[in-house]
Amino acid sequence: MSEPDSPVMAARTRGRSRAWTAFSADPLSLLGLVIVVAIVGLAIFAPFVTPYPDHVGPTGDFTAMTAAPSGAFWFGTDMIGRDLFTRILFGYRLSLIMAIVVLAIAVPIGVIVGLVAGYKGGWTDYILMRITDVFLAVPPLVLAMAIMGFLEPTLLNGMLAITAMWWPWYARLIYNVTRAEAQEGYVLAAETVGASTAHILFREILPNCWPSILTKMTLDVGFVILMASSLSFLGLGVQPPTPDLGSMVADGAKYMPDAWWLTVFPAIAILLVVLGFNLVGDGLREAFEAEG
Amino acid sequence: MSNILRSLLHRLGAALIVMIGISMLIFAIARVMPGDPARIALGPNATAEQVAALRLERHLDAPLPVQYWEFVKSVATGDLGKSLYTNRPVTTDIAQFLPATLELVFVSGILMVLIGLPIGILSAHYRGRFPDHVGRLISLLGVCTPAFVWGVILQLVLGYFWGWFPIEGQLSQSVTAAPAVTGFMLVDMAIAGNGAGFLDALHHLILPALALAMSGLGQTARLTRSNMNEVYERPYVEMARAYGFPARRIATRYAFRPALIPTLTILGLEFAAMLGNAFLVEKVFGWPGLSRYGVEVILRKDLDAIVGTVLVIAAAFLIVNIIVDILVNIINPRIRLAAGRA
């Protein structure tokens, strides 16, 4: 391990603080961070934040059915008197869990495929990347729909379908980075001293991919949520009574325009979470570029 | 010329390989699914004899590679099987529903370019000033908002509240559809010489097309802006400025063309996303395209129809991408030159 005041560590610390300076200098990145922290916080503490935690289930307050937004129900209530604010918070919970699970599985698969194909070259490269191309050649939503078509529409299968169409993007990204990095002197040096392929892939090349991976993962939390809500909007996602932002929009649309809040608030909730993670992701990208 | 032809053939070959890959993927997904495909395809009311007959007809007891080969043979002869839901050949169903979807996607594509490019150009031109901020906000919201959210919001505000546009469907009830020649409502109305019908169809098309276009529009504006900003910093633009060329001429003549090329290359991907997102927008606006059919067959586990729908959409996507590739080739002199030298 290097000493804390070694030149390398000092350069790293300088790089990090420069990255944070670049990130915090952009008001849009900070706005994104505020949105993300607020949504994640509300989702985690949802049962304590809302006065109606039991409205998550199939029953609500029958004395206040389809009530317009008011002091008691900030975002109004649905057809069976469930507080919409509560259901949106729990919808966020589900969306965030889905995004985390999908990325936790899809990213390692994509990264390994990209590293191996980019470094090995030849037939390995050709076969792995053609498989990736096939997945990228079907509109993502259609592929996820098709997979859902052969499975039962449950939370787990929804995550499986989205994971299946998500890894190729990481394979493509890491493949391009690896191809460029494999030509660098440090990889050649490791090869010369006889380092194993695994060592070169995971200890030499992978660390240089982290900025790209982290940036894309941040953006993708938003986009996985977008994709999951699209599936459930079509009725191919989580089934009731589990609160889900996409199916809330679909159900609410039946009561337009009189009960407009049933559609508008879940719709804005989706927009906000995707926007938040997008702003943070964009800020991260520029910060990493500033770090150099 | 022969070089352009060769590169075209190369692209077609690559597309064919991908298409074969997609057919394998869909076939694999359909086969690993739990349950007997013949039983699922025939539905719960079929007798054991019927199931056995279909198993024989589809070679379901043969090894997987043989099954795949039979599947490819029937697809190649234009046979996508029969839909359990409509009780018709899948090709008939798709031929009925696909044109409305394609019409929506094409009009959205036009809107995406017609609105996205100018926003990007203005943003770059007024970099850091008010029009730039507005442009970036529009593109950011476009990218971050699912198509169905745009759909319900546009429908609520412009349809229900302000009443500027019809709320759903492809035509008003008072208007009779033109005889189907091409399947595209606008084209059929034009062929029939029905001016009022054409306008009514267009009126119905605008909101769904706009909702579908927003994401690609935002992406186009974003990319055009950053590409033009990059070009603006190049020496020859500096020189044009130093010579006192008018700003508009610099923007349109010197900065726009080189900035257009990388933008064009992503248009193919945006079209792909639109073919998928059309499902969402069609649901919002009750559009009579592939969406309702697609969702319905998925929920009913209508095997042949699911496979057919996905194959057709994937093929449409590949064709659009080849067209975009060719366009980029025609517009970009550098690629044309490289092809000429090769």
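Digging into the overall build of chain B
Within chain B, the secondary structure is distributed over 14 helices and zero strands. Ordered by position from the N terminus, the helices and strands of chain B form the series α-α-α-α-α-α-α-α-α-α-α-α-α-α. With the C-alpha coordinates aligned to their principal axes, the bounding extent of chain B is approximately 85 × 60 × 40 Å. Looking at the 342 residues of chain B, the share that counts as buried comes to 47%.

A closer look at the overall build of chain A
Counting secondary structure elements, chain A contains 11 helices and zero strands. Listing every helix and strand of chain A by position from the N terminus yields α-α-α-α-α-α-α-α-α-α-α. In chain A, which comprises 292 residues, the proportion classed as buried is 51%. Long-range pairs, those at least 24 residues apart, make up 72% of the contacts in chain A between residues at least 6 apart in sequence. Working note: accessible area of chain A is about 13,000 Å², and carbon and sulfur atoms make up 68% of it. The averaged location of the 22 negative side-chain charges in chain A is 6 Å from the averaged location of its 15 positive side-chain charges.

Focus: the confidence of the model for chain A
Looking at chain A, pLDDT values average 83 and 92% of them are 70 or higher. Helix 4 (residues 84-120) of chain A holds the highest mean pLDDT among the elements of chain A, 91, whereas helix 1 (residues 7-25) of chain A holds the lowest, 69.

Concerning the interface of chain A and chain B
Counting from both sides, the interface comprises 45 residues of chain A and, opposite them, 45 residues of chain B. Approximately 3,800 Å² of surface area, both sides summed, lies buried where chain A meets chain B, with 84% of it carried by carbon and sulfur atoms. Contact with chain B buries surface across chain A, with A:F150, A:F233 and A:M256 losing the most and accounting together for 19% of the total. For the pair chain A and chain B, the number of links is one salt bridge. Ionic pairing is found between A:D282 and B:R222, a salt bridge with its closest N-O pair at 3.0 Å. Here chain A and chain B share two residue pairs in polar contact (both at pLDDT 80 or more) between them. When contributions to the side of chain A that touches chain B are tallied by element, the ones reaching two or more residues are helix 5 (122-136), helix 6 (140-150), helix 9 (197-233), helix 10 (245-253) and helix 11 (261-291) of chain A. Per element, the largest residue contribution to the side of chain A that touches chain B is 10 residues, and it comes from helix 11 of chain A. When its residues are assigned to classes, the side of chain A that touches chain B shows 35 nonpolar, seven polar and three charged.

Some thoughts on the packing of aromatic side chains
Applying the stated criterion across every chain yields a total of 11 aromatic pairs over all chains. Note on A:W123 and A:Y126: the rings are 5.9 Å apart at their centroids and 80° apart in plane angle, and the pair reads as edge-to-face. Here A:W123 pairs with A:Y126, and both are found in helix 5, just three residues apart, close to one helical turn. In this structure A:Y126 comes out as partly exposed when scored by relative accessible area, which is 37%. Ring centres 5.1 Å apart and planes at 45° place the aromatic pair B:W162 and B:W164 in the tilted group. Within the aromatic cluster, the residues linked to one another by ring pairs are A:W260, A:W261 and A:F265. If you follow A:R130 out to its NZ or CZ, it ends over the ring of A:Y126, 4.8 Å from the centre.

Definitions and cut-offs
- Residues numbered from 1 in each chain as written.
- Chains lettered and ligands numbered in written order.
- Predicted model: local features only at pLDDT ≥ 70, side-chain atom pairs only at ≥ 80, totals over all residues.
- Heavy atoms only, no water.
- Helix = DSSP H or I, 4+ residues; strand = E, 2+ residues; numbered from the N terminus.
- Buried < 20%, exposed > 50% of the residue type's maximum accessible area, 1.4 Å probe, protein only.
- Contact = heavy atoms within 4.5 Å.
- Areas by Shrake-Rupley, 256 points an atom, 1.4 Å probe, with all protein chains shown as cover.
- Lys, Arg positive; Asp, Glu negative; His and termini not counted.
- Charge placed at Lys NZ, Arg CZ, Asp CG, Glu CD.
- pLDDT = per-residue confidence, 0-100.
- Buried area = accessible area lost by both parts, 1.4 Å probe.
- Salt bridge = Lys/Arg side-chain N within 4 Å of Asp/Glu carboxyl O.
- Polar contact = N/O pair within 3.5 Å; in protein donor to acceptor, adjacent residues only side chain to side chain.
- Nonpolar A, V, L, I, M, F, W, Y, C, P; charged D, E, K, R; others polar.
- Phe/Tyr/Trp six-rings, centres within 6.5 Å; stacked < 30°, edge-to-face > 60°.
- Lys NZ or Arg CZ within 6 Å of the ring centre and 35° of its normal.

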